[in-house]
Amino acid sequence: GGTQRLIRAVGKSKAMEMCLTGNRISAQEALDIGLVSKVIETEFLLEEAVKMGFSIADKGSVSVRMCKEAVNAAEEMTLAEGLRFERRLFHALFATKDQKEGMAAFLEKRKANFTNE
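Conventions used here
Residues numbered from 1 in each chain as written. Predicted model: local features only at pLDDT ≥ 70, side-chain atom pairs only at ≥ 80, totals over all residues. Heavy atoms only, no water. Axes fitted to C-alpha atoms, helices over the stretch in contact; angles between N-to-C directions. Helix = DSSP H or I, 4+ residues; strand = E, 2+ residues; numbered from the N terminus. Parallel < 35°, antiparallel > 145°, perpendicular 65-115°, else oblique. Contact = heavy atoms within 4.5 Å. Nonpolar A, V, L, I, M, F, W, Y, C, P; charged D, E, K, R; others polar. Patch = residues over 30% accessible without salt bridge, like charges linked within 9 Å, V, L, I, M, F, W, Y side chains within 5 Å. Areas by Shrake-Rupley, 256 points an atom, 1.4 Å probe, with all protein chains shown as cover. Salt bridge = Lys/Arg side-chain N within 4 Å of Asp/Glu carboxyl O. Phe/Tyr/Trp six-rings, centres within 6.5 Å; stacked < 30°, edge-to-face > 60°. Buried < 20%, exposed > 50% of the residue type's maximum accessible area, 1.4 Å probe, protein only. 1 Å grid on protein atoms, 1.4 Å probe; cavity = no way out; pocket = protein on both sides within 12 Å on 5 of 7 lines; lining within 4 Å. Points joined across faces, edges and corners; volume = space filled by probe spheres on them. Core = buried A, V, L, I, M, F, W, Y, C linked by side-chain atoms within 4.5 Å.

A. Highlighting the packing of helix α5 (residues 61-74) against helix α6 (residues 79-93). At a minimum axis separation of 10 Å, α5 and α6 run at an interaxial angle of 175 degrees. Classified by the interaxial angle, the pair formed by α5 and α6 is roughly antiparallel. Taken together, the residues of α6 that come into contact with α5 (itself represented by V62, S63, M66, E69, A70 and A73) are F85, L89, A92 and L93. When grouped by side-chain class, the residues that make up the contact of α5 with α6 number eight nonpolar, one polar and one charged.

Have a look at this one:
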């Protein structure tokens, strides 16, 4: 599945070059073509990973799970299918206590206290 996913990530031309030559690319080039989201120096890698983990954990876990599901599903769907899927997930989130807490916290300008419900 690597070739099928690579072409979607970097485009046909770059995927062909990478697959046919087998040449390695630098971390900076991977960042430039959208293959990675960040380039971190080795000595700061664990610190940055933990910081990102805490940032994600600070959000409501129900919405994080649904967001992850929508992004992962997007690879396998047309744009129209993906938009319908995303809309269903978005509407489902409005039935959660976390959505109500998030909106209240926003309006009251305070940090949300998510309960993952």
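B. How the structure looks around a nonpolar patch on the surface. Judged by side-chain polarity, L35, V36 and V39 come together as a nonpolar surface patch covering roughly 200 Å² of accessible area. Along the polypeptide, L35 turns up in the loop between α3 (27-32) and α4 (45-57).

C. Seen up close, the packing of aromatic side chains. Under the counting rule described, the total for this entry stands at one aromatic pair. Plain terms: the ring middles of F90 and F94 are 5.1 Å apart, the flat faces sit at 65 degrees to each other, and that makes the pair edge-to-face. Its relative accessible area of 42% is what places F94 among the partly exposed residues.

D. Spatial organisation of the layout of surface pockets. Reported here for the largest pocket is a volume of approximately 220 Å³. If you trace the largest pocket, you find it lined by G60, V62, S63, F90, L93, F94, T96, D98, Q99, G102, M103 and F114. Going through the elements one at a time, α5, α6 and α7 (97-107) are the ones with two or more residues in the lining of the largest pocket. No other element matches α7, which puts four residues into the lining of the largest pocket. When its volume is computed, the second largest pocket comes out at roughly 150 Å³. At five residues, α5 tops the list of elements feeding residues into the lining of the second largest pocket. Among the residues forming the lining of the second largest pocket, the class breakdown is seven nonpolar, one polar and one charged.

E. Up close: the environment of A70. Its place among the elements puts A70 in helix α5. In this view, A70 contacts F85 and L89; residues no more than four positions away in its chain are not counted.

F. Structural detail: the nonpolar core. Judged by nonpolar contacts, V62, M66, A70, A73, F85, L89 and L93 together constitute the single largest core of seven residues. Of all the secondary structure elements, the ones that give two or more residues to this core are α5 and α6.

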